[in-house]
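Listed below, chain by chain, are the residues.
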Protein chains: 2
Amino acid sequence: MPHFPFQRLQADLAKLIASLPAGARLPSEPDLAKQLGVSRATLREAMRMFEAQGLLRRRQGAGTFIVGQLPVMESGLEVLESIQTLARRLNLDVSMGNVSVEKLPAGADAAEALDLAVGSPLLRVSRVMSADSRPVAYLVDILPADVLQPEELSGQFEGSVLDYLLHRGDPLTVSRADITASNATADVAKMLEIQRGDVLLQLTAKLFTASGRVVDYSFSYFIPGYFKFHVVRKVGRA
Amino acid sequence: MPHFPFQRLQADLAKLIASLPAGARLPSEPDLAKQLGVSRATLREAMRMFEAQGLLRRRQGAGTFIVGQLPVMESGLEVLESIQTLARRLNLDVSMGNVSVEKLPAGADAAEALDLAVGSPLLRVSRVMSADSRPVAYLVDILPADVLQPEELSGQFEGSVLDYLLHRGDPLTVSRADITASNATADVAKMLEIQRGDVLLQLTAKLFTASGRVVDYSFSYFIPGYFKFHVVRKVGRA
DNA sequence: CAGTGGTCTAGACCACACG
DNA sequence: GTGTGGTCTAGACCACTGA
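If you're wondering where the values come from, they're calculated on a predicted model, not measured in any experiment.

**Notes on the domain arrangement of chain A**
All names here are of chain A. Domain assignment breaks chain A into domain 1 (5-66) and domain 2 (73-230). Computed from C-alpha coordinates alone, the two centres of domain 1 and domain 2 are separated by 32 Å. Taken together, the contacts link eight residues of domain 1 with 14 residues of domain 2. Carbon and sulfur atoms supply 31% of the area that domain 1 and domain 2 bury against each other, a total of about 790 Å² over both sides.

Now the structure itself:
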């Protein structure tokens, strides 16, 4: 008898998942736990990793489902392009939801990033991007109020602040992005329909104009498994 | 009475952590749980996020400790350089441990990545990099056996396969890295002295020579909070 | 050895989905 | 309403640290 239910459990789960067709529903957690001989807590812990890879989808009140071939969005990081542009290139169906546009005064972080005084008026745009009706990214853009007005987004906004600014003719040049991995906070988890604490790939970026002004400070949260970011690195010589 | 112990708990923990000096030990988990009015399981869950940020360090058998100013390694991704080179530039003390060098035949993945036949002889080099005696990265390099022999690493190896190949004069040009976020598997967690399931930033890379041959296929796992990777992105024009 | 964090269990209650 | 996943509890046992 193993002291290590967890390793066995992961292997068992992997087999179970592989044996089921896409869209199938797993047995309920209490049933499956009994069937696999572990407690529900342990089962849930083991499921987390499969969920992060995008192989499982849990929906409260409905059940846990097998996810088939996920629509992977692969992109290089050398060039900044919107998810919409990327999706168009890959011929994927992407939609926007949970849009929120609000004015707010600058906090310490945003003020420093945008090189403004604390309390300066800002516009905060947040939304969830979905592929095949599955939330895959949560995007938050923060801009100085003089750069973007709420009314401007009422008509043509399709989810990308970048595309909007480009279409308007802003002289954008580069973006500087910090890349990290994080756990989903409760609010982000809710938006992305994942569990609090699940792993996310996070980009924090500043968007610069030709004159060097920062016009957009953004946070982007991506569910791993749906995105593949890559970068080509030159070898540094000594 | 909150329905949501978790949010309160995170705030309480943040205060507690901020109020303690670096190096201090927290009360034991059972004690702290009682003190904060939650179960031990909930407390541990809440601690995970602080641990991922590098603010806490748990050591089995010893206790949970406050981590002061962590040695953050910041690096751009445009240029490939070893952690050793990076640390030297930042004047940080980095050391290597848990070195393992072994020969093994190519599996399907490695064979494809290195453009070899399945079963071809390979060399696998793995090690843990530590900063200030704290494990911060786990690195695995896989190379064709004809590129690198085990004996070559016995003397001069200081932790970087890249630096070794460069010093030897190999005509390396670029590396292509995939960036993702993942949960620590049991073995990686043990190496990095974190918990299974904790969040990691993961780079999977191929290293190319001038002739286009792949000479190194590598997996790198970084604890977020100790690393800040950034990239400058050019704005794509429509 | 005593005390710590690491793991797992069994059971409870809640919020939500769907018929 | 019924059944699902989401959260939390209380307690047990193990592996490890350090005096």
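More follows now that the structure is in view.
**Focus: the packing of aromatic side chains**
Applying the stated criterion to the full structure yields ten aromatic pairs over all chains. Ring centres of Phe 222 of chain A and Phe 227 of chain A lie 4.7 Å apart, and the angle between their planes is 65 degrees; on these two criteria the pair is classed as edge-to-face. Phe 227 of chain A shares its class with Phe 222 of chain A; the two are buried. Ring centres of Phe 227 of chain B and Phe 229 of chain B lie 5.8 Å apart, and the angle between their planes is 15 degrees; this geometry places the pair in the stacked category. What links up through ring pairs into an aromatic cluster is the set Phe 222, Phe 227 and Phe 229 of chain A. The ring of Phe 6 of chain B is capped by Arg 196 of chain A, whose NZ or CZ atom sits 3.4 Å from the centre of that ring.

**Comments concerning the interface of chain B and chain A**
Taken together, the 46 residues of chain B in the interface contact 46 residues of chain A. If you sort the residues of chain B by the area they bury against chain A, Ile 179, Arg 233 and Val 235 of chain B come out on top, with a joint share of 18%. Inspection of the chain B/chain A interface yields six salt bridges. Counting across the chain B and chain A interface gives 20 residue pairs in polar contact (both at pLDDT 80 or more). Every element with two or more residues in the side of chain B that touches chain A is listed here: α3 (40-52), β3 (73-76), β4 (79-80), α7 (161-168), β8 (172-183), β9 (199-209) and β11 (227-235) of chain B. The leading source of residues in the side of chain B that touches chain A is β8 of chain B, at twelve residues. Classifying every residue of the side of chain B that touches chain A gives 25 nonpolar, eight polar and 13 charged. Note that strand β11 (residues 227-235) of chain A and β4 of chain B share two bridges and pair parallel.

**A short note on the protein's contact with DNA strand D**
In the vicinity of DNA strand D lie 26 residues, with Arg 40 and Arg 44 of chain A together with Ser 39, Thr 42 and Arg 59 of chain B positioned nearest. A share of 71% is what sugar and phosphate atoms reach among the atoms of DNA strand D within 4 Å of the protein. Arg 196 of chain A is positioned with one of its side-chain polar atoms (N or O) 2.8 Å from a phosphate oxygen of DNA strand D. Phe 6 of chain B places a polar main-chain atom, nitrogen or oxygen, 3.3 Å from a phosphate oxygen of DNA strand D.

**Examining unusual backbone geometry**
All names here are of chain A. Backbone geometry at Asp 132 places phi at a positive 55 degrees, although glycine is not the residue there. As for its placement among the helices and strands, Asp 132 is situated in the loop between β6 (121-131) and β7 (134-144). A residue is classified by how much of its surface remains accessible, and Asp 132, at 49% relative accessible area, is partly exposed. Unusually for a residue other than glycine, Glu 193 sits at a positive phi of about 55 degrees. Considering the arrangement of structural elements, one finds Glu 193 in the loop between α8 (186-192) and β9 (199-209).

**Things to note about the protein's contact with DNA strand C**
Taken together, 27 residues form the shell around DNA strand C, and within it Ser 39, Thr 42 and Arg 59 of chain A together with Arg 40 and Arg 44 of chain B come nearest. The protein-proximal atoms of DNA strand C, defined as those within 4 Å of the protein, are 70% sugar or phosphate. A distance of 2.6 Å separates a phosphate oxygen of DNA strand C from a polar atom in the side chain of Arg 59 of chain A. Here the surface near DNA strand C gets three residues from one element, more than from any other, and that element is helix α3 (residues 40-52) of chain A. Looking at side-chain class alone, the surface near DNA strand C contains seven nonpolar, eleven polar and nine charged residues.

Rules used in this analysis
Residues numbered from 1 in each chain as written. Chains lettered and ligands numbered in written order. Predicted model: local features only at pLDDT ≥ 70, side-chain atom pairs only at ≥ 80, totals over all residues. Heavy atoms only, no water. Domains from an automatic or database assignment. Contact = heavy atoms within 4.5 Å. Buried area = accessible area lost by both parts, 1.4 Å probe. Phe/Tyr/Trp six-rings, centres within 6.5 Å; stacked < 30°, edge-to-face > 60°. Buried < 20%, exposed > 50% of the residue type's maximum accessible area, 1.4 Å probe, protein only. Lys NZ or Arg CZ within 6 Å of the ring centre and 35° of its normal. Salt bridge = Lys/Arg side-chain N within 4 Å of Asp/Glu carboxyl O. Polar contact = N/O pair within 3.5 Å; in protein donor to acceptor, adjacent residues only side chain to side chain. Helix = DSSP H or I, 4+ residues; strand = E, 2+ residues; numbered from the N terminus. Nonpolar A, V, L, I, M, F, W, Y, C, P; charged D, E, K, R; others polar. Pairing = 2+ DSSP bridges. Near = heavy atom within 4 Å.

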